[in-house]
Amino acid sequence: MRIIVLETPDFKIDGGAYFGVVPKIIWEKKYPADENNMCNAACRSLLVDDGENIILVDTGTGNEPDNKTAESYHTDYSKNLETSLEQAGYSNEDITHVILTHLHFDHCGGTTKPDGDNTRKLSFPNAVHYISRLQWENANNPNYREKSSYLKENFGILENSGKLILVEEGIKIGKNIELRLFNGHTYGLMLPLIYTDKQPVFFAGDLIPAKASIPLSWISAYDLFPLTSIDEKRSLLTEAAENDWILLFQHDYYNECCDLEITERGVRAKNSYIFKELFA
Ligand SMILES: [Zn+2]
């Protein structure tokens, strides 16, 4: 089994939005900001090749600098998903499954690409795409708060593609991937737990976007239901620490992944690692 982190364009996020009600004087000691209060954010995807299936988790912000979100998020296109895939030895056509954790633009932007002037096509034409039903319905009838995070061009053509599976409850993909559902960040956030030859890896997505987000009250201001996020983080982190999981951070510019320990103050990060050094 191969498990590989794929880099997609980095961007910047407002520090207050990133850490919610935590005061800047506290969060900036753990996560630096620039003079405009913007924090560097990575945007990692994950590839799992289990010998039978080649599974991609999330597709980043996509590769279109004219995208209306690109400027406000200072998107840096020097990294991109297709190049990262190629470097790992795969083509878009090789992908058999795409798991989209949710449909906010920075998680599904590479799912489609232009095909002529006004039409789009799937970037991974041979893949079945998994999205939770709750998230699909939410993205297609967006509430006022999330409206600007959903760009129909990223996912609209999936509807009639015959390549969309709407997930209603936790399921398994292949032998090694378990999908878990969460509702604090958005409705039906779907995050994979991957059983590897070594430790299990949890792709923490927007539930725990960075190592600094591990303490329970460090909740992003983007979360729809912070109290739900706290409960979800509490039980997830306890299970992760008790079972020696590796947490993989999608948006932490400075830390790719870590293991955990149970302390008097709750579950905390133990050691940070470079992912490919753990799973060579
Ligand atoms: Zn999100």
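As the structure is a prediction and not an experimental result, all values here were calculated from the model.

Explain the sheet that holds strand β6 (residues 97-99) to me, please; I cannot follow it from the model alone.
Backbone-to-backbone hydrogen bonds pair the strands of a sheet. The strands run either parallel or antiparallel. Judged by pairing direction, the sheet is mixed, and its six strands sit side by side in the order β1-β4-β5-β6-β9-β10 without closing on themselves. The open sheet has two edge strands, β1 (2-7) and β10 (164-167), and neither has a second partner. The sheet shows a mean angle of 20° between the axes of neighbouring strands, taken without regard to direction. Pairing analysis gives four bridges linking strand β4 (residues 44-49) to strand β5 (residues 54-57), with the strands arranged antiparallel. Following the sheet pairing, D49 is matched in β5 by I54.

Please clarify how the coordination of the zinc ion should be interpreted in this entry.
Tetrahedral metal sites with four donors have an ideal angle of 109.5 degrees; octahedral sites with six donors have ideal angles of 90 or 180 degrees. Of the protein atoms, only H102 (NE2), H104 (ND1), H185 (NE2) and D206 (OD) coordinate the zinc ion, at distances of 2.1 to 2.2 Å. Read from N- to C-terminus, the donor residues coordinating the zinc ion fall into the pattern H-x1-H-x80-H-x20-D. Of this pair, H104 sits in the loop between β6 and α5 (105-108) while H185 sits in the loop between β12 (177-182) and β13 (189-194), and the two are 81 residues apart along the sequence. Here H104 matches H185 in class, with each residue buried.

Whenever I open this one, helix α8 (residues 226-242) confuses me. Can you help?
Because each turn of an α-helix spans 3.6 residues, side chains separated by three or four positions end up pointing in the same direction. In this model, α8 (17 residues) spans 24 Å end to end at C-alpha, consistent with the 24 Å of a helix rising 1.5 Å per residue. Residues S229, E232, K233, L236, L237, A240 and A241 constitute the buried set of α8. Here the buried residues of α8 occupy an arc of 145° about the axis, which is enough to place them on one side. Structural note: α8 exposes L227 and E242 on the side pointing more than 90 degrees away from its buried face. On the buried face of α8, the contacting elements are β12, β14 (201-203), β15 (246-248), β16 (257-263) and β17 (266-273). Remark: D244 follows α8 within two positions and exhibits a positive phi of approximately 60°.

Please clarify how the layout of surface pockets should be interpreted in this entry.
To locate leftover empty space, one rolls a probe as large as a water molecule over the atoms. Here the largest pocket is characterised by a volume of approximately 370 Å³. In terms of lining, the largest pocket is formed by 21 residues, of which the most central are I13, H104, D106, H185 and Y222. Elements that contribute at least two residues to the lining of the largest pocket include exactly β2 (11-14) and α5. For the lining of the largest pocket, the element with the highest residue contribution is α5, accounting for three residues. A breakdown of the residues in the lining of the largest pocket according to their chemical character gives eight nonpolar, eight polar and five charged. Taken as a whole, the second largest pocket holds about 260 Å³ of empty space. If you go around the second largest pocket, you meet 13 residues; those closest to its centre are I4, V5, L6, E7 and K276. Secondary structure elements with two or more residues in the lining of the second largest pocket: β1, α4 (81-87) and α9 (275-278).

Explanation requested: the packing of aromatic side chains in the structure shown.
The description of two aromatic rings rests on the distance between their centres and on the angle between their planes. Under the definition given, this model contains 13 aromatic pairs. A network of ring pairs unites the aromatic residues Y18, F19, W27, Y31, W218, Y253 and Y254 as a single cluster. The cationic tip of K30 hangs over the ring face of W218; the distance from NZ or CZ to the ring centre is 5.3 Å.

Can you walk me through empty space enclosed by the protein in this structure?
Under the counting rule described, the total for this entry stands at one cavity of 30 Å³ or more. Every residue along the wall of the largest cavity is listed here: Y18, D206, L207, P209, S213, W218, I219, S220 and D223. Here the residues of the lining of the largest cavity are counted per class, giving five nonpolar, two polar and two charged.

Got a minute to help me understand the nonpolar core in this structure?
Looking at soluble globular proteins, one finds that nonpolar side chains tend to be buried together. Ranked by internal contacts, the top residues of the largest apolar core, which has 41 residues, are L46, F202, I208, L247, L260 and F275. A total of five residues in this core trace back to one element, the largest contributor, which is β13. Each residue touching L260, except ones within four places of it in the same chain, is listed here: I214, L237, A240, A241, L247, V267, R268, A269 and K270.

Looking at this structure, how should I read the state of the cysteines?
Each disulfide consists of a covalent bond between the sulfur atoms of two cysteine residues. By the definition in use, this model includes zero disulfides. Of all cysteine sulfurs, the one in C43 lies closest to C108, which takes part in no disulfide; the gap is 10 Å. Given the relative accessible area of 0%, C108 is considered buried. Summary of cysteine pairing: C258 is not part of a disulfide, and the nearest cysteine sulfur, belonging to C257, is at 7.3 Å. The class of C258 is buried, set by a relative accessible area of 0%.

How each quantity is defined
Residues numbered from 1 in each chain as written. Predicted model: local features only at pLDDT ≥ 70, side-chain atom pairs only at ≥ 80, totals over all residues. Heavy atoms only, no water. Pairing = 2+ DSSP bridges. Helix = DSSP H or I, 4+ residues; strand = E, 2+ residues; numbered from the N terminus. Axes fitted to C-alpha atoms, helices over the stretch in contact; angles between N-to-C directions. Donors = N, O, S within 2.8 Å, 3.2 Å for Na, K, Ca; no water. Buried < 20%, exposed > 50% of the residue type's maximum accessible area, 1.4 Å probe, protein only. Expected span 1.5 Å × (residues − 1). Arc of directions from axis to C-beta. Contact = heavy atoms within 4.5 Å. 1 Å grid on protein atoms, 1.4 Å probe; cavity = no way out; pocket = protein on both sides within 12 Å on 5 of 7 lines; lining within 4 Å. Points joined across faces, edges and corners; volume = space filled by probe spheres on them. Nonpolar A, V, L, I, M, F, W, Y, C, P; charged D, E, K, R; others polar. Phe/Tyr/Trp six-rings, centres within 6.5 Å; stacked < 30°, edge-to-face > 60°. Lys NZ or Arg CZ within 6 Å of the ring centre and 35° of its normal. Core = buried A, V, L, I, M, F, W, Y, C linked by side-chain atoms within 4.5 Å. Disulfide = S-S within 2.5 Å.

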